[in-house]
There are 4 protein chains.
Amino acid sequence: MKKIILGVIGAGRIGKLHVDNIQRYFPQFKIKSIADPELDEQWAKDKDIPVLLRDPDQLMNDSEIQAVIICSPAALHVPQIIACARNGKDIFCEKPISSDVEQIKMALQEVKKADVKLQIGFNRRFDPNFAKIKQMVKNKDIGTPHLLRITSRDPEIPPRSYIHASSGMFLDMTIHDFDMARFLLDCEIDEIYASGNVLIDPIFKTINDLDTAIVNLKFTNGALGVIDNSRQAVYGYDQRVEVFGNNGAVHAENNRQTNTVLSNQNGIVSEKPLYFFLERYKESYIAEIQAFCDSIAHNKPIAVTGKDGLMSVVIGIAANQSHRENRPVKINHEQWSEFA
Amino acid sequence: MKKIILGVIGAGRIGKLHVDNIQRYFPQFKIKSIADPELDEQWAKDKDIPVLLRDPDQLMNDSEIQAVIICSPAALHVPQIIACARNGKDIFCEKPISSDVEQIKMALQEVKKADVKLQIGFNRRFDPNFAKIKQMVKNKDIGTPHLLRITSRDPEIPPRSYIHASSGMFLDMTIHDFDMARFLLDCEIDEIYASGNVLIDPIFKTINDLDTAIVNLKFTNGALGVIDNSRQAVYGYDQRVEVFGNNGAVHAENNRQTNTVLSNQNGIVSEKPLYFFLERYKESYIAEIQAFCDSIAHNKPIAVTGKDGLMSVVIGIAANQSHRENRPVKINHEQWSEFA
Amino acid sequence: MKKIILGVIGAGRIGKLHVDNIQRYFPQFKIKSIADPELDEQWAKDKDIPVLLRDPDQLMNDSEIQAVIICSPAALHVPQIIACARNGKDIFCEKPISSDVEQIKMALQEVKKADVKLQIGFNRRFDPNFAKIKQMVKNKDIGTPHLLRITSRDPEIPPRSYIHASSGMFLDMTIHDFDMARFLLDCEIDEIYASGNVLIDPIFKTINDLDTAIVNLKFTNGALGVIDNSRQAVYGYDQRVEVFGNNGAVHAENNRQTNTVLSNQNGIVSEKPLYFFLERYKESYIAEIQAFCDSIAHNKPIAVTGKDGLMSVVIGIAANQSHRENRPVKINHEQWSEFA
Amino acid sequence: MKKIILGVIGAGRIGKLHVDNIQRYFPQFKIKSIADPELDEQWAKDKDIPVLLRDPDQLMNDSEIQAVIICSPAALHVPQIIACARNGKDIFCEKPISSDVEQIKMALQEVKKADVKLQIGFNRRFDPNFAKIKQMVKNKDIGTPHLLRITSRDPEIPPRSYIHASSGMFLDMTIHDFDMARFLLDCEIDEIYASGNVLIDPIFKTINDLDTAIVNLKFTNGALGVIDNSRQAVYGYDQRVEVFGNNGAVHAENNRQTNTVLSNQNGIVSEKPLYFFLERYKESYIAEIQAFCDSIAHNKPIAVTGKDGLMSVVIGIAANQSHRENRPVKINHEQWSEFA
């Protein structure tokens, strides 16, 4: 079988993670080139990557490279997607595509024109728990969904530098939950009402951001949803989902390092949830690459489309508006109808 | 020890339950009279209740009766509270006091004037799970509360007759959750946003009511809350609560008939939650009478005050308005400040 | 309906418990007399028991008394059973009947001759968890039972006085588990191998007793069983059972005071098991009286027979022998065949 | 860093698993040669293994090969260990070393003489659950261990061919549990009593084997243990462990594919345990190679020694004798004292 030749743009934490996963689990892929202005060359050599670049443009011109994994800072995603598309390369791009909806539209139009594949890195869809819930909902195991509950709480607030660069909680953190909501119910969000506050660290007030939120969703099919977020759950990364329908409900408990339970005078003590996204979503990072591989090698449908990437940002922006104006905000779906 | 002589008004399901519990568990109380226009006399005789009445007014004039348990239809609560107060009797009254806020005010003013005790039957506060959570929150076991989540789903929709007599989901069903929210966080609700839909049975549409809802709460201390309701959870009565704070979280799982678990080819199967409120809240109906007894016999503070009964209705009315106008609604606390 | 008139012998902790339960839950029963050489008369008067006796013999001669609850010290059970039988009274007797098998035989022969009812107080059979397992096993929900596991650990070692009066762990404590084994599998034990040690408190060595044990059972139908015991589980009363069969397994988790769960930096903490037998088996003490009532009032079969009381002692004695001789010991069933 | 050059003997299911794991996770290792009389050459080529052999002897003579992974049939282990030892190669050998104790002794003596490393493939020691329990026991989190319970049940009986080649349940299946018992309590077994039966499939009777067993253990430190085994748990691979001590207890629940829970009219349904050892012990197969790598590269102590391999067989043979003679059997530790 002929291998699919890959280039990788961006070799930070997530870029390295994808390289490791691809080399370990996907013999169908071969990483030829990696580009990062601050490339860790020793690491890249240890990984036996033949071509080490500082400038991603060089990678675009390599006609042998069939697909590109984009793990650069978000601000660079749109131009890099466009460059890849114009060079006929299939694209896996980390989320978010951009925080600017017009920019995203431009990128998606180029992808459409070039007829290349584009998968967005909403890895949580591939988490075994959530993928199972999706499958059960799809199978009508719970009948028609009526209520969706997502709890998504980080174990600790991000570093100061991250906070200052952030586009805000709804676009940074809740964006995953918006995607999860659309994914699990396979339905668009019609209206959103976002309430939030700064309860953990006053720094979020100084930059006009939030650290705690509850967001209401109305789906176009009439179902209701709610997301609760906190930037600091001292007991660890809290990632739970529940879908309730007319024939039952399904939910996912948190994952733990082990299933050991200690019984002593203080109580019956189970382990805390896995610490953070790298631990919790380890398998999902592998499975999303599997899906990307399948869509290229076997021409299967894209698992997370550009439209998915777009909508999560649209909803995040609506959440910001809702919170600012303290009122429910409708999502206009007409204007994105060109992207299926 | 001298027994406290009681009268009971209303001998329907809840009235009979209170009589049973009082006779079984509270030797300090003696039920002298029971009044119900449609009294089941055989039952009352079996219970050895000396005085059987059709008209509750007769009970008011019996100066030996020190306290009255009001279990009549809600529409009669206010006049009966007023009559009891004017006759110097302490009162335990089932919820809601009334669905008319002005009526409630009148009743509370009379109670205040007469300086009698009034406890409202928000029994869920006495559920061992929720009472434990309250105590843990109060002890600061989770630090400062940031988020409150209440799931409250009935096992099946009520009979047609009940639905038609109902004052609507928020005042009938969610009213308990509004009280629970105030109770657990020991804090007033500042603003409410109620979203709902009819997803289970079209009958609710015909009477302009709901069967599914998600309600957002903002507390005056800045904490956020959410209640989700359904009138039909096919797996049984779903009554869960979670309070999340800066030092941890506490939640309560549903109660089950037994802790048996069956493992077979279909999976690992635990029992469903206890069927409905009579099963789930059995102990809480006893404990609320204990509290009433303590407040009379030992002059302890009232566990669920008239103000508590008032506020749950005020919030329910605000929820109705919020849903009707699809916008967050502020709760005006000034106007109830006379009731502490 | 005519009430069944009862006498109670022994008003210690368990005697008082039965009196409370009978008065609260069984209007079909009326307690006329209570006999205890050290009777707490104030308590008995508060309970409105008409006849207070020091000498149980007086109770035997009261022809109005139809049934007797025997809660005296174990050494008195046999003569009291015999006296009751000779006076035609139905009997509920606390376990053990006696630690002397010949004595037990004598008692059972008298009961048989007098054709009165005798129920033994193996209350754990009525625990909702274990009763549910029994029912599931009987329904063949797990197919044919292959393995039985009983974990039975006390929360703390008994007082010195109790230890010195004890007939040893197998006859004091494991006797309940022997009965549970026979009950759940509805099958006799063919052979037993008992291993034990003193690991908690050297006092047990001084009186030639044990504090820790694992006991193997072979049932006459070929199934295998194991009981593990400790006299001190610091996390509380550990009472679990599992039955494994060719179509599945069923087990019961411990009961807890509430279903609350605290999540914090130390882990996810559930409550400890209910403290000890009075808390854990509260409902079973009521249900066993219900069964006794049913067998008298409605002539239903005895739920825990004299034979059951006998066999638990026979097995306990075999366990002692097995441990002493460090070898498996067969149970001879021929010699008890007269008792069905 | 210089890579450690490996040879692999045996490329059946487990051999292939080790090759995959080594290539994925251990860049410190390089597999140079693989030997199997029925080698799947296409697979080996895909894995880029340079030297493909039919005869393992050729591998012994390759002085570049520093360590050998032995995954051949058990009957070949001893001669291959000896050959490796004589050629100065470190050895990782699948269990059991042999079912003949004298053969094992010979192999261990050669290993000792040659001063090479030998690790036995008791992978379950590296299971995250059991490793955590070991660590907690070692840390005295539960104080001094008093009781050990191991439940070890296969999901289905092995194929006919396997059954006929088997050295019996105690040496095939329970051998893992014997090793787990020694591992968790870090203590030798002094005496064993094995009870068993054929309850699942009569085939086991025809070959004088068992399919269901309960095995009692007495440890040299006075602790007691019990293992229960079944060859067929229809709900999946049941692998649980509990250690109970004077300060508490720790146990491990089964692992499941996901933590999703379905609530419907049939109950609250969690997933079954992971299907069988390849799924359940996936991580442990990686971790045991990590340990082997560490002991070679960093001269760390062997994690599972030849003595461990020996003792599990010694205990298994004692279990057979105990069951045959229906009596407890002492383990003689003197005769193995030369192996530390």
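Predicted, not measured: the structure shown is a model, and the values here were computed from it. Think of each chain on its own: its residues are numbered from 1, step by step along the sequence as written. The naming scheme follows written order: chains are lettered A onward, ligands numbered 1 onward. A pLDDT threshold of at least 70 governs which residues receive local features in this predicted model, and a stricter bar of 80 or more applies before side-chain atom pairs are shown or counted, although totals over entire chains, interfaces and linings include all residues. As a convention, hydrogens and water are excluded, and side-chain values are obtained from all of the structure's heavy atoms.

Participant: Is there a simple way to explain the relation of the copies chain D and chain C in this structure?
Facilitator: Each of the two chain copies can be generated from the other by rotation about an axis followed by a shift along it. Least-squares superposition aligns the copies on the C-alpha atoms of those residues with pLDDT at or above 70 in both. Least-squares fitting of chain D to chain C yields an RMSD of 0.0 Å, with the superposition described by an axial translation of 0.0 Å and a rotation of 180 degrees. Accordingly, the operation relating the two chain copies is best matched by a two-fold axis. Looking at the rotation axis and the C-alpha trace of chain D, the residue lying nearest is Arg327(D), at 2.9 Å.

Participant: Please clarify how the packing of aromatic side chains should be interpreted in this entry.
Facilitator: How two aromatic rings sit relative to each other is given by the distance of their centres and the angle of their planes. Residues and elements named next belong to chain A. Stacked, tilted and edge-to-face are the three classes applied to pairs of Phe, Tyr and Trp rings, where Trp contributes its six-membered ring and a pair requires centres within 6.5 Å; stacked means planes under 30 degrees apart, edge-to-face means over 60, and tilted covers the rest. What the rule picks out here adds up to 40 aromatic pairs over all chains. With a centroid separation of 4.9 Å and 70 degrees between ring planes, the pair formed by Tyr-237 and Phe-276 is classed as edge-to-face. Here Tyr-237, found in the loop between strand S10 (224-230) and strand S11 (238-245), pairs with Phe-276, found in the loop between strand S14 (267-270) and helix H11 (277-280); they are 39 residues apart in sequence, far enough to count as distant. One exposure class covers both Tyr-237 and Phe-276, and it is buried. Each helix is a run of H or I in the DSSP string that is no shorter than four residues. Each strand is a run of E no shorter than two, and both are numbered from the N terminus. For every residue, the accessible area (1.4 Å probe, protein chains only) is compared with the maximum for its type, and the residue is labelled buried under 20%, exposed over 50%, or partly exposed between those bounds.

Participant: Can you walk me through the side chain of Glu242(D) in this structure?
Facilitator: Tracing the backbone through its elements, the reader meets Glu242(D) in strand S11 (residues 238-245). Of the polar contacts made by the side chain of Glu242(D), one reaches the side chain of Arg153(C); its length is 2.6 Å. In protein, a polar contact means a hydrogen-donor-capable atom and an acceptor-capable atom, both N or O and within 3.5 Å, with residues adjacent in sequence counting only if both atoms are side-chain atoms; elsewhere, any N or O pair within 3.5 Å suffices. In this structure the side chain of Glu242(D) is engaged in a polar contact, spanning 3.1 Å, whose partner is the side chain of Arg240(C). Contacts are residue-level and defined by heavy atoms, with any inter-residue pair within 4.5 Å sufficient. The contact partners of Glu242(D), leaving out residues within four places of it in the chain, are Arg153(C), Tyr235(C), Arg240(C), Leu147(D), Leu148(D), Arg149(D), Ala249(D), Val250(D) and His251(D).

Participant: What is the right way to look at the domain arrangement of chain A in this model?
Facilitator: One frequent convention defines the size of an interface as the accessible area lost when the parts assemble. Residue and element names in this part refer to chain A. How far each domain reaches was decided by an automatic or database domain assignment. By the assigned domains, chain A splits into domain 1 (4-116) and domain 2 (124-276 + 307-339). Computed from C-alpha coordinates alone, the two centres of domain 1 and domain 2 are separated by 28 Å. The term buried area means the drop in 1.4 Å probe accessible area that two parts suffer when joined, counted for both and summed. Roughly 1000 Å² is buried in total at the junction of domain 1 and domain 2, and carbon and sulfur atoms are behind 75% of that figure. The largest share of the area that domain 1 buries against domain 2 comes from Val-101, Lys-105 and Leu-108, three residues that together contribute 41% of it. Where domain 1 touches domain 2, the interface holds two residue pairs in polar contact (both at pLDDT 80 or more).

Participant: Looking at this structure, I do not really get the pairing of strand S9 (residues 212-219) of chain B. What am I missing?
Facilitator: A regular strand carries its side chains on alternate faces of the sheet. All names here are of chain B. Among the eight residues that make up S9, eight are buried, leaving the element largely enclosed by the rest of the structure. Burial of S9 is two-sided: the residues Thr-212, Ile-214, Asn-216 and Lys-218 facing one way and the residues Ala-213, Val-215, Leu-217 and Phe-219 facing the other way are all buried. Note on pairing: two strands pair once DSSP finds at least 2 bridges between them. Two elements, S9 and strand S10 (residues 224-230), share seven bridges in a ladder whose sense is antiparallel. Its bridge partner being in S10, Thr-212 is matched across the sheet by Ser-230. In this structure, the hairpin formed by S9 and S10 is closed by a connection of four residues, where Gly-222 is found at a positive phi of approximately 100 degrees.

Participant: Teacher, can you tell me more about the packing of helix H6 (residues 128-138) of chain B against helix H9 (residues 174-185) of chain B here?
Facilitator: Packed helices, taken two at a time, are described by the angle their axes make and the gap between the axes. All names here are of chain B. Whenever a helix is involved, its axis is fitted only over the stretch in contact; in every case the axis is a line through C-alpha atoms, and angles between N-to-C directions fall within 0 to 180 degrees. The N-to-C vectors of H6 and H9 enclose an angle of 35 degrees; their axes lie 8 Å apart at closest approach. On H9, the residues that touch Phe-130, Ile-133, Lys-134 and Val-137 of H6 are Met-180, Phe-183 and Leu-184. The nonpolar class holds Ala, Val, Leu, Ile, Met, Phe, Trp, Tyr, Cys and Pro. Asp, Glu, Lys and Arg form the charged class, and all remaining residues, Gly among them, are polar. The residue inventory of the contact of H6 with H9, partitioned by class, reads six nonpolar, no polar and one charged.

Participant: What's the story with the state of the cysteines in this structure? I'm lost.
Facilitator: Covalently bonding the sulfur atom of one cysteine to the sulfur atom of another cysteine gives a disulfide. Residues and elements named next belong to chain A. The criterion for a disulfide is a pair of cysteine sulfur atoms lying within 2.5 Å. Tallied over the entire structure, the rule returns zero disulfides over all chains. Considering cysteine sulfurs only, Cys-71 is the nearest to Cys-293, which forms no disulfide, with 16 Å between them. Judged by relative accessible area, Cys-293 falls into the buried class, the value being 1%.

Participant: I'm lost on the interface of chain A and chain B in this one. Help?
Facilitator: Counting residues at the interface gives 39 residues for chain A, matched by 39 residues for chain B. Here chain A meets chain B over a buried area of about 3200 Å², counting both sides, of which 59% is carbon and sulfur. Summed over the three residues of chain A that lose the most area to chain B, namely Arg149(A), Ile214(A) and Phe244(A), the buried surface amounts to 18% of that side. Definition used for salt bridges: Asp or Glu carboxyl oxygen within 4 Å of a side-chain nitrogen of Lys or Arg. For the pair chain A and chain B, the number of links is six salt bridges. Two residues, Glu242(A) and Arg240(B), come together in a salt bridge whose shortest N-O distance is 3.1 Å. One can count 20 residue pairs in polar contact (both at pLDDT 80 or more) joining chain A with chain B. Secondary structure elements with two or more residues in the side of chain A that touches chain B: strand S7 (145-153), strand S8 (189-197), strand S9 (212-219), S10, S11 and strand S12 (248-252) of chain A. It is S10(A) that contributes the most residues to the side of chain A that touches chain B, six residues altogether.

Participant: How should I be thinking about the interface of chain D and chain C in this particular structure?
Facilitator: Taken together, the contact pairs 39 residues of chain D with 39 residues of chain C. At the boundary of chain D with chain C, total buried surface from both sides reaches about 3200 Å², with 59% on carbon and sulfur atoms. Together, Arg149(D), Ile214(D) and Phe244(D) form the three largest contributors to the area buried by chain D at its contact with chain C, with a combined 18%. Taken together, chain D and chain C are joined by six salt bridges. Those elements that place two or more of their residues in the side of chain D that touches chain C are strand S7 (145-153), strand S8 (189-197), strand S9 (212-219), strand S10 (224-230), S11 and strand S12 (248-252) of chain D. Per-element tally for the side of chain D that touches chain C: the top contributor is S10(D), with six residues. Tallied by class, residues from the side of chain D that touches chain C come to 15 nonpolar, 16 polar and eight charged.

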